[in-house]
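What the coordinates show
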Amino acid sequence: MAKTKEQFYGQSLVEERKRKEMISNLIAYIILSIGAFTMVIPFLWTISTALKDPSDVYDGRFIPQRFSYIYVDRDGKFVPSNAYREGYKEIRAWWANFVKAWIAVPFDKYYRNSLIVATITTLGQLVTCTLAAYAFARLRWFGRDAVFLLYLGTLMVPFTVTMIPVYILFKWLGLVNTLIAVILPALFSAFGTFLLRQFFVSIPYDLEEAAFIDGANRLQILWHVILPLSKGALATLGTFTFLFQWNDFLWPLVVLNSEEVKTIPIGLTAFQSAYGSQWELVMAASLIALIPVIIIYLFNQRFFTESIMLTGFGGR
Amino acid sequence: MAKVILKHVSKIYENGVRAVDDFNLEIDDGEFIVLVGPSGCGKTTTLRMIAGLEDITEGELWIDNVLVNNVPPKDRDIAMVFQNYALYPHMTVYKNMAFGLKLRKVPQEEIDKRVKEAAEILGLQALLDRKPKQLSGGQRQRVALGRAIVRKPKVFLFDEPLSNLDAKLRVQMRAEINKLHARLGVTTIYVTHDQVEAMTLGTRIVVMRDGKIQQVGTPLEVYANPVNKFVAGFIGSPPMNFLEVTVEQAGDNYYLNEGSFRILLPKGKFSQVSEYVGRKVIMGIRPEHLYDRSTYNGPINENVISANVEITEILGAEQFVYFATEKHPFVAKVDPFVHVKLGEKREVVVDVEKLHLFDPDTEYVIK
Ligand SMILES: Nc1ncnc2c1ncn2[C@@H]1O[C@H](COP(=O)(O)OP(=O)(O)OP(=O)(O)O)[C@@H](O)[C@H]1O
Ligand SMILES: [Mg+2]
């Protein structure tokens, strides 16, 4: 059967729309791919360099031609140096640079310290910020909004301004060169309080009233109603805090001096100044430092997507 | 189960709004009280004060012979169903219902028993493991009811629980709430702005306006004997017709003259109007008390209005005909089989015994 004019034009219109959609999608994908590619290239280069043999680092190739090597001495111990001596055995493997970097400096101590600092401050902030945010979001007390603004205002003061007074304070407390000096100031956060407060405010007040009538007190409401609904916000804050503390450099550099208490960023700098010419080791060390960050991100990723989905409470 | 007494209760919000003004009501054990009134008249505020979610500015609130003004909600032994259900989104239906009992440290077997019982009453057995967002509006409403009944409270409070449902479901849930009340016999206070809900559910209804009680009574009392023009116009659908008329006396008889028609008042109403001769009053007559002359079998004295047909709506079981005299529009509910033509002049018989007369200044019914 012959097509009527309308059918004919109708079809070609649909086709045209489809074609336009495809083209705009294609352009979007190309732009996004370029963006993603530029982001990921340095990271891939880091991995590539960390796998390379020291003499290949400057070969300009992306794919390592051969893996690096590490010597094992007569006692079967790994040797951190590249200099060959009598009786050494050479092992070529992808992990050679990682092991070299790990034993060149007390990475295990840095790691332990960083884990302690980042974990305690993250948990601490989750507790303190939750309580403060709830008080700012839902309790009514004299001067609440003024105090909140003041607290937010502290975000405007750069750390470099308060660093020296805080240092003097910690010196006076006798806490310099201890992990406590790094942990204590990071247990509280105006940013975290703000973030959670904004989220709590968006939770319908009806739910709290229902819980009140069900017989819950404030803390029970916080625990049974508010927190389960705020997983996304808490995961976000937790991840931010962990990453920030894991990477924090300036303050730990100021208060931590001995090897015993150094965290990874400081350890890495020391490592870089000592082994600066050996890029394959610096890259391997950086990757080692990255592992917890990647784990935390992968673990919390689902909460991020969940928190985006939760922002609409429509489907209650 | 308990008595609830409100004595001179008022609420003034921080912004100075007097949302509830001198509210007095004694609610008997097991009663189903409906607070009804237009938007913003203070129904929710009253309910929230009873729940303890809102402070009482003035007056006293007694539940079960205890003054509870300063008792927190959880110790008042009430349960509330919110307009938008307020179910905990992260808990299953079961946990939503069990939450209040858990907080009260009810033993686990008892919780289980009561939740299962409530689920059975409300037909929720198959949904106990679902989250609220996996439920339809009516099912959510049922869970909200379930959360209230498992607690076995002294008083149920409902704030427009059916307003988010579609018309059909609303009728169905209305019947279920009615059954539930008959079965459990718990004192219930129910807020709505829907007068049909008020009429069908309440053992007594409380009509409110601007924070003040206008009238309290059984649905029929309020329907048959509204105390003022507001209540008369609020209860009933379509609302009562109001026509401004002048009282006239001729010999021993009293008439209401509208200009285009004049009707004779029955003897029983003479005493009401004797002081209003020569003055204007407001005549109120419900659409269902107006008849098309062709279907009226009773005696037709001098109580016929002739008016033009403006619009007609046939709903199947009934027909609403919108008339207009020179001065006033009015509606009559007539037999659907009466054939009415637009624009024609028809005669409408007034059931004068059902006439209401209001003072035009105070708007109160003339006694
Ligand atoms: N938190 C509040 N602060 C100040 N004024 C309020 C507050 N809540 C309600 N009001 C005012 O009090 C009056 C009564 O409000 P209420 O919510 O009790 O009305 P309602 O009868 O429940 O109306 P609706 O049928 O629209 O729900 C209104 O004028 C309202 O604007
Ligand atoms: Mg309301």
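Residues numbered from 1 in each chain as written. Chains lettered and ligands numbered in written order. Predicted model: local features only at pLDDT ≥ 70, side-chain atom pairs only at ≥ 80, totals over all residues.

Time to look at the overall build of chain A. Looking only at helices and strands, chain A features 13 helices and 3 strands. In summary, chain A has a C-alpha radius of gyration of 27 Å against a globular reference of 20 Å for 316 residues, an excess of more than 25%. For chain A, the spread of C-alpha atoms along the three principal axes comes to 85 × 80 × 35 Å. Burial statistics for chain A: of 316 residues in total, 28% are counted as buried. (Helix = DSSP H or I, 4+ residues; strand = E, 2+ residues; numbered from the N terminus. Rg over C-alpha atoms; globule rule 2.2 N^0.38 Å. Buried ≥ 20, exposed ≤ 12 C-beta atoms within 10 Å, placed from the backbone.)

What chain B contains, in helices and strands, is 9 helices and 20 strands. Dimensions of chain B, computed from the C-alpha atoms along their principal axes, are close to 80 × 45 × 35 Å. Counting over 367 residues, chain B shows a buried share of 38%. Across chain B, every contact between residues at least 6 apart in sequence was considered, and the portion connecting residues at least 24 apart equals 66%. (Contact = placed C-beta atoms within 7 Å.)

Turning our eyes to something else, we now look at the domain arrangement of chain A. Residue and element names in this part refer to chain A. Segmentation of chain A into domains returns domain 1 (5-51), domain 2 (56-102) and domain 3 (105-310). For domain 2 versus domain 3, the separation of C-alpha centres amounts to 38 Å. Across the contact, 7 residues belong to domain 2 and 7 residues belong to domain 3. The class makeup of the residues in the side of domain 2 that touches domain 3 is 4 nonpolar, 2 polar and 1 charged. (Domains from an automatic or database assignment. Nonpolar A, V, L, I, M, F, W, Y, C, P; charged D, E, K, R; others polar.)

With that settled, consider the interface of chain A and chain B. At the junction of the two partners, chain A supplies 15 residues and chain B supplies 20 residues. Elements with a minimum of two residues in the side of chain A that touches chain B: α8 (205-214) and α9 (218-229) of chain A. Residue contributions to the side of chain A that touches chain B peak at 7 residues, all from α8 of chain A.

Pairing between the strands of a sheet is mediated by backbone hydrogen bonds and can be parallel or antiparallel. Residue and element names in this part refer to chain A. Judged by pairing direction, the sheet is antiparallel, and its 3 strands sit side by side in the order β2-β1-β3 without closing on themselves. Among the strands making up the open sheet, the edge pair consists of β2 (78-79) and β3 (89-92). By the bridge criterion, 2 bridges tie strand β1 (residues 69-72) to β2 in an arrangement that is antiparallel. Paired with Y71 across the strands is V79, a residue of β2. Sitting on the sheet, helix α2 (residues 96-104) touches β1, β2 and β3, and the angle it makes with β1 is about 55°. (Pairing = 2+ DSSP bridges. Axes fitted to C-alpha atoms, helices over the stretch in contact; angles between N-to-C directions.)

What follows is about the domain arrangement of chain B. All names here are of chain B. Each assigned domain of chain B is listed with its residue range as follows: domain 1 (4-234) and domain 2 (241-358). Here the C-alpha centroids of domain 1 and domain 2 sit 39 Å apart. Each partner contributes to the interface: domain 1 provides 4 residues, whereas domain 2 provides 5 residues. A breakdown of the residues in the side of domain 1 that touches domain 2 according to their chemical character gives 2 nonpolar, 1 polar and 1 charged.

Right, let's get into the packing of helix α2 (residues 93-103) of chain B against helix α4 (residues 137-149) of chain B. Residues and elements named next belong to chain B. Between α2 and α4, whose axes approach to 8 Å, the crossing angle comes to 30°. Between α2 and α4, the interaxial angle falls into the category roughly parallel. Handedness of the α2/α4 crossing: right-handed. Only V143, G146 and R147 of α4 make contact with α2, whose side of the interface consists of V93, N96, M97 and G100. For the contact of α2 with α4, the per-class residue count stands at 3 nonpolar, 3 polar and 1 charged. (Parallel < 35°, antiparallel > 145°, perpendicular 65-115°, else oblique. Left-handed = near helix turned anticlockwise from the far one by under 90°.)

Quick look at the site of ligand 1 now. All names here are of chain B. In the vicinity of ligand 1 lie 13 residues, with Y13, A19, S39, T44 and T45 positioned nearest. Among the elements that take part in the shell around ligand 1, helix α1 (residues 43-51) stands out by supplying 3 residues, more than any other. Tallied by class, the residues present in the shell around ligand 1 amount to 4 nonpolar, 8 polar and 1 charged. (Near = placed C-beta within 6 Å.)

Residue and element names in this part refer to chain B. In contact at an axis separation of 11 Å, α4 and helix α5 (residues 167-184) are set at 15° when each is read in the N-to-C sense. One element, α4, and the other, α5, form an angle in the roughly parallel class. Crossing hand, α4 versus α5: right-handed. Residues G137, G138, Q141, L145 and I149 of α4 form the contact with α5, whose own contacting residues are L169, M173, L180 and L184. When the residues that make up the contact of α4 with α5 are grouped by side-chain class, the tally is 6 nonpolar, 3 polar and no charged.

Let us now look at the environment of I226 of chain A. Residue and element names in this part refer to chain A. Note that I226 resides in helix α9. You can call I226 buried: it has 22 C-beta atoms within 10 Å. C-alpha separation for the pair I226 and I164, spaced 62 residues apart in sequence, amounts to 38 Å. With residues up to four places along the chain from it excluded, the contact list for I226 reads Y134, F200, I203 and I221.

Our focus in this paragraph is the sheet that holds strand β3 (residues 32-36) of chain B. All names here are of chain B. Spatial ordering of the open sheet is given by β6-β7-β8-β3-β9-β10, a layout of 6 strands whose pairing is mixed. At either end of the open sheet lies a strand with only one pairing partner, and these are β6 (78-81) and β10 (212-217). Here the average twist between neighbouring strands, direction ignored, is 15°. Direction of pairing for β6 relative to strand β7 (residues 155-159): parallel, over a ladder of 4 bridges. When the sheet's bridge partners are listed, I78 is paired in β7 with V155.

Here the focus is unusual backbone geometry. Residue and element names in this part refer to chain B. Of the consecutive residues S237 and P238, the connecting peptide bond is found in the cis state with omega at -5°. Tracing the backbone shows P238 in the loop between α8 (229-234) and β11 (241-250). Unlike most non-glycine residues, Y85 shows phi in positive territory, near 75°. Position of Y85 relative to the elements: it lies in the loop between β6 and α2. Y85 sits in the buried class, given 24 other C-beta atoms within 10 Å. Residue K105 is not a glycine yet carries a positive backbone phi of 60°.

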